[in-house]
Amino acid sequence: MREKSTTLYIGPQHPGITGNMMVKLQVEGDTVVKAETHVGYLHRGFEKLMERRNWLQSFTIVCRICVPEPDPNEENYARAVEEIEGREVPERAKYIRVMTLELARIASYLLWYGGQAGSAGLYTMPQWSVGDRNYILDLFEDLTGGRIYHMYIWPGGVRRDLPKGFKDKALKTMDYLEKRIDEYDKLLFENSIFQKRAKGVGIIDKNKAIEWGVVGAPLRGCGIKSDVRIDDPYEVYDKLDFEVPAMEGGDVWTRALIRRFEIRQSINIVRQTLEKMPGGEFYNKIPNPMKWKIPAGDAYVKTESARGEFAYYVVSDGTNKPRRVHVKGPAYVHGVTLLENLLVGENISDVSFIMNSLGTCPPEIER
Amino acid sequence: MTDTLNKENKLLEVLKEEFKLLSGKVKRSRRVEVVIENEQIIPILLFAKERLNYIHFSHMSCVDWIEEGKFEVIYILWSPEEKINLLIKTKVAREGEDLPNIDFIWRQANTYEREIREMYGLPFDGLVGREEFILEDWDEIPPMRRDFITNEYVSETYFEREGREDAKDVREQILGRTDEKLPDFAKKYSRD
Amino acid sequence: MSFFNLKGILSPVTALKQFGKKPHTVGFPEVSIEASDRYRGLHFNDLDACIGCGNCSTICMNNAIDMIQLDGIEGEKGDSGLRPRVDNGRCCWCALCVEVCPTGSLNLTKEYNFVSTDASDFLWTPGLSNKDKKDKISFVSDKETSLTEYTRVPMRELDGMERIKSFAEAVLGYNEEEARREASRCISCSLCTESCPDHMHIPEYINAIASGNDADALRIIYDNNPLPEMCGKVCTRRCEDVCAISVRGEAVAIRWLKRYATETAKNADIIKEIVNPEIREANGLNVSVIGAGPSGLTVAYYLALRGYNVTIYEAKAKAGGMTYYGIPKYRLPEESLEKQVGYIQSIGVKINFNTRVGKDISFNEIYEKSDAVFMGVGYEKPWTLGITGEDLEGSLQAVTYLDAINSGKEINIGDKVAVIGGGNVAIDAARVARRKGADVTIVYRRRIEDMPADWEEIEGAEDEGVHIMQQGIPLEIVGKNGKVTGLKIAHAEMIPDPNGGRPRPKQIEGSEEILEMTAVIGAIGQEGDYSFLPEEIMKQLKIERGRFVVNEGGQTNLSKIFAGGDSVNKTADAISAIADGFRAVKAIDKFLNK
């Protein structure tokens, strides 16, 4: 008997991702035959807003492009402005930046733990990981004055130096998290249900992955070593000791394993930066922000975020406002062309599971 | 410094030999930029992908240079082997010209092109895809064009909250207290 | 892999051991957790420290901050009287307002709980709506992290010992790069314009300099000041006293920036080309101006632009008044003044030099043939010290001395000179005497910090090796054979004023001593000399305490006669004279066109 095709709308609000996005599915039985991504539920227009704000005012909104991990945005924006202007950043600031980025990566992965497990119906995991993420947010609060939006990495360096006692507190938190991640393994990775759900689902073709524009953990999950921190090192990543994992498979399970490995590595990098951090200045002060002009020019900068390569293309026309700030998050490709293709042939119940494994983040598509 | 930019310079040489570049430079390590006529876009992209192995399509952006009446479109490619980002720039008239569709080379370019079409009103020849991507029932000019002024649109479309009418301008306040008269030509230099 | 993998089922169960552990989430009933020491919570503004510059409101890209008038806070010089009010519905707590606050009055607090069902409650004034939260401030503006630039671009000048070898200009002026950098420190709050007697458009011309448009800067400057280069070099710059940045740092170098803008025009023709003033058609009305000092030149320039036929009568050979004859050339070179006067003449102002009214031409003659007369006659006559020995050779007054040197005459003062006084004129005389090779001591009744002279001038004098004796009261000039041989002084102690005024010097008994001197120069003030006025005018004209009594437009009780400058105002500086002149222009124009 021929199955009838039905149209199904997932979203715009659903638990698979942060932010609003709708996926319109054509399903036959339980199987997806066509998927189409619809965005347009956020209406923010940051890129447009930045054209009318001066270089410093723009800094405060870039972090809002991503809730779970705002820091790569700040980092990209700051680094692009510095590159066009030719502004030097003190060594200490570079270490603080790397530490901040890695803390953000840990926080983001913890949120991913929750989302990935939650979308498989395992609800203890989100309670744990989101609770533990709070410890990172506490560190951010001490460091930057904000828990979610840090507005900390800005052109010229960072906004404030490490507060008193921060190093000890951060190291303690890292020790705690490392222990917790062992417990996560028992709860999630050794869990039969998760293994059953994740293995062989949402497979990305290794041969096509690069061409399709896949980046970050999904690409490394196809067995391709690719990481901006190594390929196009920024700040002080070339002075730190870490490894890029790569595993063959291309499915949700491999991507999860990659992230499991990387969260430990990030903890390790945070420790390294805290140990190696030199003294000195943390900020190369900018001139009066209202009259701060950047010479004409453009820069394309990239940062490895928890979801993959996060890039900014920034153009200055020599005035005190940016001509163009183009934000490209990994979800711009992962959430649209890749997701649309990946969902075909999958089970409906795996849709948000796959979406989450790609790190889909609608605010990156609709900036 | 020069010897560390060897591979970048080499890439530039190869492209210079093969194409008539309007300009080309090594921006820094791992960043090479070339400017080219827009008819050459498909040949250079195919050449970079097939022959030079720039197989990863990183980014595509558009900048409105309204003063020149041009859009600048930037294609950014990445070579996983060379580890270089190649920026290919071209300019196209804001009105009456289009660019070729390239989503048969990289299918994710489709998303970028749809967005640029919607946000700048720049058509791509042969682009298939829903007209509406991010916007919904939009009948103003494409919003990322420089002549779309956000503040004006906002003040026409929305109302200000009540209770803030008593706000004063510091300059006006000081002017009001003295007999200073600010000439019109100087006003553009006042704080905005 | 089998679904019934035993490990896969048992491992998750280990989560049960978490049971009974104390959770780290917020407990119930809810406890309010103390935020971190750097938390970016609700704003707090120290209303007394705030000067209402509005920089917070400008940087806020969410338009969350309004500047509003509050009950009980009045504006004054250096305070706009406005205070920020935050729309917490729009605020994103980026704290840029804190980072750019020049005074450091605006900070964020640890407070983050603010709940109300009334939307209008979220519109509140930090420091007023949360008066008691001063001890809760957390994200603070300190000078190290503030985005205000507190340090001035240093001015290059000749070395002190080099300076005393000649009358070459001591201050070298900013070059283009330095000027742009210094101009970009300005936050354009405009508090300075109120303090400037002439209300020059300071934020506008500084902004023009910052954005690289020197020609526009010059045009803006010439809008109400026809002698800007003079001001750029020697102005008393009351503007810089109230600069918002000066609260915690060094004021923007407003004077040097004006100097920079004016020096971009190298001669009178270039000034004319840049300023390109609109000169109205001749209206047939005649205005005479007595004295080519700052106020007279101002009246002449702006009236000539308005189509009046203006003639200046100047007793001396050069225009500029005190700025020519009173200010030493190392501060204001002759060429600079000539350039500015040349430009004023080029737009049609006639100056009759060497024409002393009352001697070379009678006041009545001028009075009869003019539709209005402006008197900018200044304070020419110096006060004497009023102590014995002032008739000795070698005892003289600073303005007389400066006048002689500036006119190219020589006065023998010997090699050991005392200058009595603490104003700019005293410093000028001392530094000139130093250039003439004398060993100079300034004797001042009070302390150095009480001196009315510019601190830069005092420092300059010290760099050049001028000694400053503070708390010294001159008692007598002693001499021999009709020549000065010394100055008898007494030392003083400072007695605090019970009414809170500045402390007064009191002579210490028995502290008298005689300092060996070859000359004693008094610099304690001047007064007007109105002997040029005919008796019948003198009788009618209202004069109080040596000053003409005028209305706000500079008009005397004789409606055709206007006056301005030192003989009218009490501030006795060039910029006040220019301001008087500018007000008189408007009044004369109104008077003759009613």
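Residues numbered from 1 in each chain as written. Chains lettered and ligands numbered in written order. Predicted model: local features only at pLDDT ≥ 70, side-chain atom pairs only at ≥ 80, totals over all residues. Heavy atoms only, no water.

Engineer: It is not clear to me how the overall build of chain C should be interpreted in this structure. Could you clarify?
Structural biologist: Secondary structure summary: chain C contains 21 helices and 24 strands in total. In terms of overall size, chain C is more extended than a compact globule, its C-alpha atoms giving a radius of gyration of 31 Å where 594 residues would be expected to give roughly 25 Å. Taken along the three principal axes of its C-alpha coordinates, chain C extends 120 × 70 × 50 Å. With 594 residues in all, chain C has 60% of them scored as buried. Taking all contacts inside chain C whose residues are at least 6 apart in sequence as the whole, residues at least 24 apart take part in 71%. Surface summary for chain C: the accessible area is close to 25300 Å², and the carbon and sulfur share equals 50%. (Helix = DSSP H or I, 4+ residues; strand = E, 2+ residues; numbered from the N terminus. Rg over C-alpha atoms; globule rule 2.2 N^0.38 Å. Buried < 20%, exposed > 50% of the residue type's maximum accessible area, 1.4 Å probe, protein only. Contact = heavy atoms within 4.5 Å. Areas by Shrake-Rupley, 256 points an atom, 1.4 Å probe, with all protein chains shown as cover.)

Engineer: Please clarify how the sheet that holds strand E12 (residues 395-397) of chain C should be interpreted in this entry.
Structural biologist: Whenever strands of a sheet pair, they do so through backbone hydrogen bonds, lying parallel or antiparallel. All names here are of chain C. What the five strands build is an open sheet, ordered E12-E20-E13-E14-E15; its pairing is parallel. Each edge of the open sheet carries a strand with a single partner, namely E12 and strand E15 (467-469). Here the strands of the sheet are splayed against their neighbours by 25° on average, with no regard to which way each runs. Where helix H17 (residues 398-406) meets the sheet, it contacts E12 and strand E20 (519-522), and its direction lies at approximately 80° from that of E12. (Pairing = 2+ DSSP bridges. Axes fitted to C-alpha atoms, helices over the stretch in contact; angles between N-to-C directions.)

Engineer: What exactly am I supposed to notice about the nonpolar core here?
Structural biologist: Nonpolar side chains in soluble globular proteins generally cluster together in the buried interior. One finds Met99(A), Tyr113(A), Tyr312(A), Tyr75(B), Leu86(B) and Ile88(B) to be the most contacted residues of the largest nonpolar core, which totals 192 residues. Broken down by element, this core gets its largest block of residues, 14 residues, from helix H4 (residues 91-118) of chain A. Not counting residues up to four positions away in its chain, the partners in contact with Ile88(B) are Val34(B), Ile36(B), Ile41(B), Ile44(B), Leu45(B), Val73(B), Ile74(B), Tyr75(B) and Leu77(B). In terms of nonpolar packing, the next biggest core, distinct from the first, is built from 87 residues, Ala183(C), Leu227(C), Cys243(C) and Leu297(C) among them. (Core = buried A, V, L, I, M, F, W, Y, C linked by side-chain atoms within 4.5 Å.)

Engineer: Before we go on, may I ask you to explain the domain arrangement of chain C in this structure?
Structural biologist: Accessible area lost upon the coming together of the parts is a frequently used measure of interface size. You can read the domains of chain C as domain 1 (43-139), domain 2 (160-274), domain 3 (288-380 + 528-592) and domain 4 (382-525). Taking only C-alpha atoms into account, the centre of domain 1 of chain C sits 48 Å from that of domain 3 of chain C. (Domains from an automatic or database assignment.)

Engineer: I tried to follow the side chain of Arg145(B) on my own but got confused; where do I start?
Structural biologist: Structurally, Arg145(B) is set in the loop between strand E7 (124-125) and helix H4 (150-157). Side-chain polar atoms of Arg145(B) contact the backbone oxygen of Arg94(B), separated by 3.3 Å. If sequence neighbours within four positions are ignored, Arg145(B) has contacts with Lys48(A), Asp64(B), Phe71(B), Arg94(B), Glu95(B), Met119(B), Tyr120(B) and Gly121(B). (Polar contact = N/O pair within 3.5 Å; in protein donor to acceptor, adjacent residues only side chain to side chain.)

Engineer: Would you explain a negative patch on the surface in this entry?
Structural biologist: On the surface, Glu132(B), Glu136(B), Asp137(B), Asp139(B), Glu140(B), Glu152(B) and Glu156(B) cluster together into a patch of negative charge. Its location among the elements puts Asp139(B) in the loop between E7 and H4. (Patch = residues over 30% accessible without salt bridge, like charges linked within 9 Å, V, L, I, M, F, W, Y side chains within 5 Å. Salt bridge = Lys/Arg side-chain N within 4 Å of Asp/Glu carboxyl O. Lys, Arg positive; Asp, Glu negative; His and termini not counted. Charge placed at Lys NZ, Arg CZ, Asp CG, Glu CD.)

Engineer: Help me out: how do you make sense of the interface of chain A and chain B in this one?
Structural biologist: The partner chain B presents 45 residues to the 43 residues of chain A that form the contact. Taken together, the two surfaces of chain A and chain B that pack against each other cover about 4000 Å², and 48% of this comes from carbon and sulfur. Looking at the side of chain A facing chain B, the largest losses of area belong to Lys48(A), Tyr300(A) and Arg323(A), adding up to 18% of the total buried there. Taken together, the connections running from chain A to chain B amount to nine salt bridges. In this structure, Glu51(A) engages Arg146(B) in a salt bridge whose closest nitrogen and oxygen atoms are separated by 3.5 Å. For the pair chain A and chain B, the number of links is 28 residue pairs in polar contact (both at pLDDT 80 or more). Elements with a contribution of two residues or more to the side of chain A that touches chain B: strand E3 (31-38), helix H1 (46-51), helix H8 (206-212), strand E6 (297-305), strand E7 (308-316), strand E8 (322-328) and helix H12 (331-342) of chain A. Take the side of chain A that touches chain B: its biggest share by element is six residues, from H12(A). Broken down by class, the residue content of the side of chain A that touches chain B amounts to 17 nonpolar, eight polar and 18 charged. (Buried area = accessible area lost by both parts, 1.4 Å probe. Nonpolar A, V, L, I, M, F, W, Y, C, P; charged D, E, K, R; others polar.)

Engineer: Teacher, can you tell me more about the packing of helix H5 (residues 176-183) of chain C against helix H7 (residues 202-210) of chain C here?
Structural biologist: Angle between the axes and distance between the axes: these two values describe a pair of packed helices. Residue and element names in this part refer to chain C. Relative to each other, H5 and H7 sit at 130°, their axes nearing to 8 Å. Accordingly, the angle class assigned to the pair H5 and H7 is oblique. Where H5 crosses over H7, the two elements pack in a sense that is left-handed. For the pair H5 and H7, contact is made by Ala179, Arg180 and Ala183 and by Ile206, Ile209 and Ala210, respectively. Classifying every residue of the contact of H5 with H7 gives five nonpolar, no polar and one charged. (Parallel < 35°, antiparallel > 145°, perpendicular 65-115°, else oblique. Left-handed = near helix turned anticlockwise from the far one by under 90°.)

Engineer: Just to check I follow, could you spell out the packing of aromatic side chains for this structure?
Structural biologist: Two numbers describe a pair of aromatic rings. These are the distance of the centres and the angle of the planes. Residue and element names in this part refer to chain A. Applying the stated rule across the entire model yields 36 aromatic pairs over all chains. Between the aromatic rings of phenylalanine 194 and phenylalanine 353, the centroid separation amounts to 6.0 Å while the plane-to-plane angle is 80°, which identifies the pairing as edge-to-face. Of this pair, phenylalanine 194 sits in helix H7 (residues 192-198) while phenylalanine 353 sits in helix H13 (residues 351-357), placing them 159 residues apart in sequence. Assigned by exposure class, phenylalanine 194 and phenylalanine 353 land together as buried. (Phe/Tyr/Trp six-rings, centres within 6.5 Å; stacked < 30°, edge-to-face > 60°.)

Engineer: Just to check I follow, could you spell out helix H5 (residues 170-177) of chain B for this structure?
Structural biologist: An α-helical turn contains 3.6 residues, so a residue and the one three or four places further along point in the same direction. Those residues of H5(B) that fall on the buried side of the exposure criterion are Val170(B), Arg171(B), Gln173(B), Ile174(B) and Leu175(B). Buried residues belonging to H5(B) abut strand E2 (65-69), strand E3 (82-87), helix H6 (191-195) and H7 of chain C. The residue sitting at the N-terminus of H5(B) and contributing the capping side-chain oxygen is Asp169(B); that oxygen lies 3.3 Å from the backbone nitrogen of Arg171(B).

Engineer: Where do I start with the pairing of strand E14 (residues 439-443) of chain C in this structure?
Structural biologist: The side chains of a regular strand alternate between the sheet's two faces. Residue and element names in this part refer to chain C. Burial of E14 is extensive: four of the five residues sit out of reach of the surface. Bridge count between strand E13 (residues 416-420) and E14: five bridges; the pairing is parallel. Each bridged residue has a counterpart across the sheet, and for isoleucine 420 the counterpart in E14 is valine 443. At this point the chain moves from E13, through helix H18 (residues 424-435), to the parallel E14, and the crossover so formed is right-handed. Sheet analysis places E14 next to E15, joined by three bridges and oriented parallel. By the bridge assignment, isoleucine 442 is partnered in E15 with isoleucine 468. Following the backbone out of E14, through helix H19 (residues 455-463) and into the adjacent parallel E15, one traces a crossover that is right-handed. (Right-handed = clockwise from strand over helix to strand, strands pointing away.)

Engineer: I would appreciate a short explanation of helix H3 (residues 71-85) of chain A in the present structure.
Structural biologist: Residue and element names in this part refer to chain A. With 15 residues, H3 extends 21 Å from end C-alpha to end C-alpha; this agrees with the ideal 21 Å at 1.5 Å per step. The element H3 is extensively covered by neighbouring structure, given that 13 of its 15 residues are classed as buried. Of the residues flanking the end of H3, it is glycine 86, one or two places downstream, whose phi is positive at about 80°. (Expected span 1.5 Å × (residues − 1).)

Engineer: Help me understand the interface of chain C and chain B, please; the structure alone is not making it clear to me.
Structural biologist: Contact residues are listed per partner, giving 46 residues for chain C and 27 residues for chain B. Buried surface at the junction of chain C and chain B, both sides included, amounts to about 2800 Å², of which 48% is carbon and sulfur. Inspection of the chain C/chain B interface yields seven salt bridges. Between Arg85(C) and Asp166(B) there is a salt bridge whose closest N-O contact spans 2.9 Å. Elements with a contribution of two residues or more to the side of chain C that touches chain B: helix H2 (55-59), E2, E3, H6, H7, helix H8 (214-221) and helix H21 (574-592) of chain C. The leading source of residues in the side of chain C that touches chain B is E2(C), at five residues. Looking at side-chain class alone, the side of chain C that touches chain B contains 15 nonpolar, 18 polar and 13 charged residues.

Engineer: How do you make sense of the domain arrangement of chain A when you look at a structure like this?
Structural biologist: Residue and element names in this part refer to chain A. As assigned here, chain A comprises domain 1 (1-43 + 332-344 + 351-360) and domain 2 (46-329). Across the boundary between the two partners, domain 1 contributes 13 residues, which contact 24 residues of domain 2. Between domain 1 and domain 2, the buried area comes to about 1500 Å², and carbon and sulfur atoms account for 67% of it. Applying the counting criterion to the domain 1 and domain 2 interface returns zero salt bridges. Along the contact surface separating domain 1 from domain 2 lie six residue pairs in polar contact (both at pLDDT 80 or more). Elements supplying a minimum of two residues to the side of domain 1 that touches domain 2: H12 and H13. Residues belonging to the side of domain 1 that touches domain 2 are distributed by class as follows: seven nonpolar, six polar and no charged.

Engineer: Help me understand the sheet that holds E7(A), please; the structure alone is not making it clear to me.
Structural biologist: All names here are of chain A. One open sheet holds the three strands; their spatial order is E6-E7-E8, and the pairing between them is antiparallel. The open sheet terminates on both sides in strands that have one partner only, identified here as E6 and E8. Here the average twist between neighbouring strands, direction ignored, is 15°.

Engineer: I tried to follow the environment of Gly284(C) on my own but got confused; where do I start?
Structural biologist: Residue and element names in this part refer to chain C. Looking at the element boundaries, glycine 284 is found in the loop between helix H12 (268-275) and strand E7 (286-290). Between the alpha carbons of glycine 284 and glutamate 393 there is a distance of 52 Å; along the sequence they are 109 residues apart. For glycine 284, the contacting residues outside a window of four places in its chain are Gly307 and Asp371.

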